[in-house]
Amino acid sequence: MEDTAVSNRPVSTGSVLSRCANAECSAGWLQLFRRRTVPIFEGGWCCSSACTQARVEQALRREMEGRTREIRLYRHRIPLGLVMLEQQWIDAGQLRRALEAQRSGGEGRLGDWLVRQEGVSEQLVARALGLQWSCPVVALPFHDASAMAPALPRLFVDAYGALPLRMSSERMLYLGFEDRPDPVVAFGMERMLGMRVEPVLVPDAEFRAAHMRMLMANFPRVELLEVSSEAQLGRAMSRVIEKVRPVESRLVRVHDFLWLRMWRRTPSGLRADASHVEDVICALTQD
Ligand SMILES: [Zn+2]
C-alpha cells in the first residue's frame, strides 16, 4: 500500500525473470507476464493467489507434522533443591523446611519459599536455576522494551513469559525467561527471525519489572484468526498475504499457535520497525 518504491521489486533469484515458487504452478511461461512482484512467502514469489495458497498449505502441513511428537528437549533435570544443596548454598534443614512449606502451602515454587522463608538470596536461586537448566543467568541493568517489541507478538510475551532482552551484533537475540527457558518459543523465533536465539534466565525481580514494561510496549499489528479447519486456515492465511502483499512472509508454529509474519519492507539492519511488520496468529484446537 504505502511504500511501493521499496516493495514492488521482485526478490531476485539470480535471473532477470522471477519464477513462481509454487512447484505445482500451472501458469508455465505465462507467469512471466504477470504484473505482480509481491507477495513473497518464505523467500519465494507467488505468481497468483492460487499459488500463494498452495505454498501456504504446504507450509501448514510442515508445521502441523511435528505437532504430535513434540521433541523432549531436555534431559531429566536435577531438582532445584538438590542443586542448591550440592553447591552448599543451602543446608539440609533449609531445604526440608522449604519443601514442607511448599507442600503444606499447596503451591508456589521451591525457590520462592527458599527466598521468602529461609532468607536465601534471589540471585542464588537464579544461579541454581541456571545450573538446573544449563542456561546462562544474566543481569538486566537496562532494557529497551520498545526496541525489542518487533521481535515477537505480545501474546507470546504474555503467554510464555518470553522477554527479548537485546540483540548482539552477531545476529543473536537473547531471550529472557523467569524460571525456566522455553526452547520451543526460542526455536520458533529463531526460524521466524533468521537469527540465533539464546534462552537465558533473568533473576525474578528484574524479570518482573522488565516483563511488565515489555507488555506495555508498542507491538506489531496482529490479527487473530479463528478457523475451524486446516483447509480454512490455508485459505484465510493466503488471503491475508494477498491483501498485505508483503516483501517477505513466514509461517512458524509455536506450541499451539500458528504465527504468520509479514514484512511490508525489507528489515534494515538487525531490526524491523514495528509498523513495517504484521502478525497473524491462529490458536490450534486440541483435537
Ligand atoms: Zn504460480
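As a reminder, the structure under discussion sits directly above these lines.
Here goes a summary of the coordinates provided. (Residues numbered from 1 in each chain as written. Predicted model: local features only at pLDDT ≥ 70, side-chain atom pairs only at ≥ 80, totals over all residues.)

### Considerations on unusual backbone geometry
A cis amide bond links Val38 to the next residue, Pro39, at an omega of 5 degrees. Relative to the assigned elements, Pro39 resides in the loop between α1 (4-7) and β1 (40-41). Positive phi, close to 50 degrees, is recorded for His255, a residue that is not glycine. Mapping His255 onto the fold places it in the loop between β7 (248-254) and β8 (257-263). (Helix = DSSP H or I, 4+ residues; strand = E, 2+ residues; numbered from the N terminus.)

### As for the sheet that holds β7
Overall, mixed pairing links the four strands, which are arranged β6-β9-β8-β7 in an open sheet. In this open sheet, the two strands that pair with only one neighbour each are β6 (221-225) and β7. Averaged over all neighbouring strand pairs, the angle between strand axes comes to 20 degrees, with direction disregarded. Pairing geometry for β8 and strand β9 (residues 277-283), over seven bridges, is antiparallel. (Pairing = 2+ DSSP bridges. Axes fitted to C-alpha atoms, helices over the stretch in contact; angles between N-to-C directions.)

### Section: the nonpolar core
If you look at the biggest cluster of nonpolar residues, it comprises 67 residues, and the most contacted ones within it are Ala162, Leu163, Leu175 and Met189. What Ala162 contacts, discounting residues up to four positions off in sequence, is Leu152, Phe156, Val157, Leu175, Phe177, Asp182 and Val185. (Core = buried A, V, L, I, M, F, W, Y, C linked by C-beta atoms within 7 Å. Buried ≥ 20, exposed ≤ 12 C-beta atoms within 10 Å, placed from the backbone. Contact = placed C-beta atoms within 7 Å.)

### Some thoughts on helix α2 (residues 49-65)
Along its 17 residues, α2 runs 24 Å from first to last C-alpha, staying within 8% of the 24 Å computed at 1.5 Å per residue. Buried-residue contacts for α2 involve β1, β2 (44-45), α11 (230-244) and β7. (Expected span 1.5 Å × (residues − 1).)

### Re the environment of Arg154
You can see Arg154 is positioned in helix α8 (residues 154-160). Judged by the 18 C-beta atoms lying within 10 Å of it, Arg154 falls in the partly exposed class. Arg154 sits 61 residues away from Leu215 along the chain, and the two C-alpha atoms are 6.6 Å apart. Those residues within four positions of Arg154 in sequence are excluded, and the remaining contacts are Leu215 and Phe219.

### A closer look at the sheet that holds strand β4 (residues 172-177)
Strand order across the open sheet formed by three strands is β3-β4-β5, with mixed pairing between neighbours. What marks the edges here is a single partner per strand, and that holds for β3 (163-168) and β5 (196-201). On average, each strand axis in the sheet is inclined to that of its neighbour by 25 degrees, with strand direction left out of account. With six bridges connecting them, β4 and β5 associate as parallel partners. Among the inter-strand pairings, Tyr174 is bridged to a residue of β5, identified as Glu198. Across the sheet, helix α9 (residues 183-193) lies against β4 and β5, angled at about 150 degrees from β5, the strand it touches most.

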